[in-house]
Amino acid sequence: MFYTLVEKLKSKGRVMLEDLFDEYRQNVEKFIERTKGKLTVFDFDGTLSQFQYTLDRMLPCLDKDVQVYTLAGHNMYENVHLLKTMQYIFSKIEHENIWILTQTVSALEKIKTDIVVQNFKIPADKVIHVKSSVEKLDVLKTMHEKYQTPIIFIEDNAQILIRAEDELEGISGYHISCLLP
């Protein structure tokens, strides 16, 4: 009887929570399958973590003041919410093929690296910090040339993903929203 009710609701165009869960599971499984035999390069902010570091704002200070804020002894990652989806994905793909490529002010590099090492079990030397998103393109190009392996680049910045695919050989972009149903 319950199944009949679910089918009736589906036929009326309603989306059921179970449908969302199933599609989400399928998206995660497809992504894991897609990583096989490739280097997988993850952004951090907004990809491995929720991009909201304080209750009522995205950042606890103005973006231009993050370096000063950190040097003053504050840690914007003190209550970071790491995405369990990413922790699950990391448990399913080959760690030797995982890299982290993240835009970071110098004062936050050690803090962010420590979060990755402790929570995702990735060695510190596989966490690459750059000063701007555009620098990510140079790093990806160098990685592809060095390893001669296709790269999947998972990121929340659509513009940098599009540029990577348009301008670089062997790079496949994957926007974090592709995991969502």
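For the structure given in this document, a descriptive report is provided here.

Cut-offs used in this document
Residues numbered from 1 in each chain as written. Predicted model: local features only at pLDDT ≥ 70, side-chain atom pairs only at ≥ 80, totals over all residues. Heavy atoms only, no water. Helix = DSSP H or I, 4+ residues; strand = E, 2+ residues; numbered from the N terminus. Contact = heavy atoms within 4.5 Å. Buried < 20%, exposed > 50% of the residue type's maximum accessible area, 1.4 Å probe, protein only. Pairing = 2+ DSSP bridges. Axes fitted to C-alpha atoms, helices over the stretch in contact; angles between N-to-C directions. Core = buried A, V, L, I, M, F, W, Y, C linked by side-chain atoms within 4.5 Å.

In terms of regular secondary structure, the chain is built from 7 helices and 5 strands. In sequence order, the chain lays out its α and β elements as α-α-β-α-α-β-α-β-α-β-α-β. Viewed in the frame of its principal axes, the chain has a C-alpha envelope of about 60 × 45 × 30 Å. Across the chain, the fraction of contacts at a sequence separation of at least 24, relative to all contacts at a separation of at least 6, is 69%.

This part is about the pairing of strand β1 (residues 39–42). Burial of β1 is two-sided: the residues Leu39 and Val41 facing one way and the residues Thr40 and Phe42 facing the other way are all buried. Direction of pairing for β1 relative to strand β4 (residues 151–155): parallel, over a ladder of 4 bridges. When the sheet's bridge partners are listed, Thr40 is paired in β4 with Ile152. Sheet analysis places β1 next to strand β2 (residues 98–103), joined by 3 bridges and oriented parallel. Bridge pairing in β2 places Thr40 opposite Ile98.

The strand order β3-β2-β1-β4-β5 describes an open sheet built from 5 strands, whose pairing is parallel. Each of the sheet's edge strands pairs with one partner strand only, and the pair in question is β3 (127–130) and β5 (171–175). Taken pair by pair, the neighbouring strands of this sheet meet at an average axis angle of 25°, ignoring direction. Helix α4 (residues 84–92) contacts β1, β2 and β4 of the sheet and is inclined by roughly 160° relative to β1. Contacts from helix α6 (residues 133–147) reach β1, β2, β3, β4 and β5, with the element oriented near 155° to β2.

You will see that Lys121, though not glycine, has its phi angle at about 60°, which is positive. For Lys121, the location among the structural elements is in the loop between α5 (109–120) and β3.

Here is a general trend for soluble globular proteins: nonpolar side chains tend to be buried in one another's company. Ranked by internal contacts, the top residues of the largest apolar core, which has 30 residues, are Phe42, Phe44, Met86, Ile89 and Ile100. Elements that contribute at least two residues to this core include exactly α2 (17–34), α4, β2, α5 and β4. Beyond its immediate sequence surroundings of up to four residues, Phe42 is in contact with Phe31, Thr47, Leu48, Met86, Ile89, Phe90, Ile93, Ile98, Trp99, Ile100, Leu101 and Ile154. Counting residues in hydrophobic clusters, the runner-up holds 16 residues, among them Trp99, Phe153, Ile160 and Ala164.

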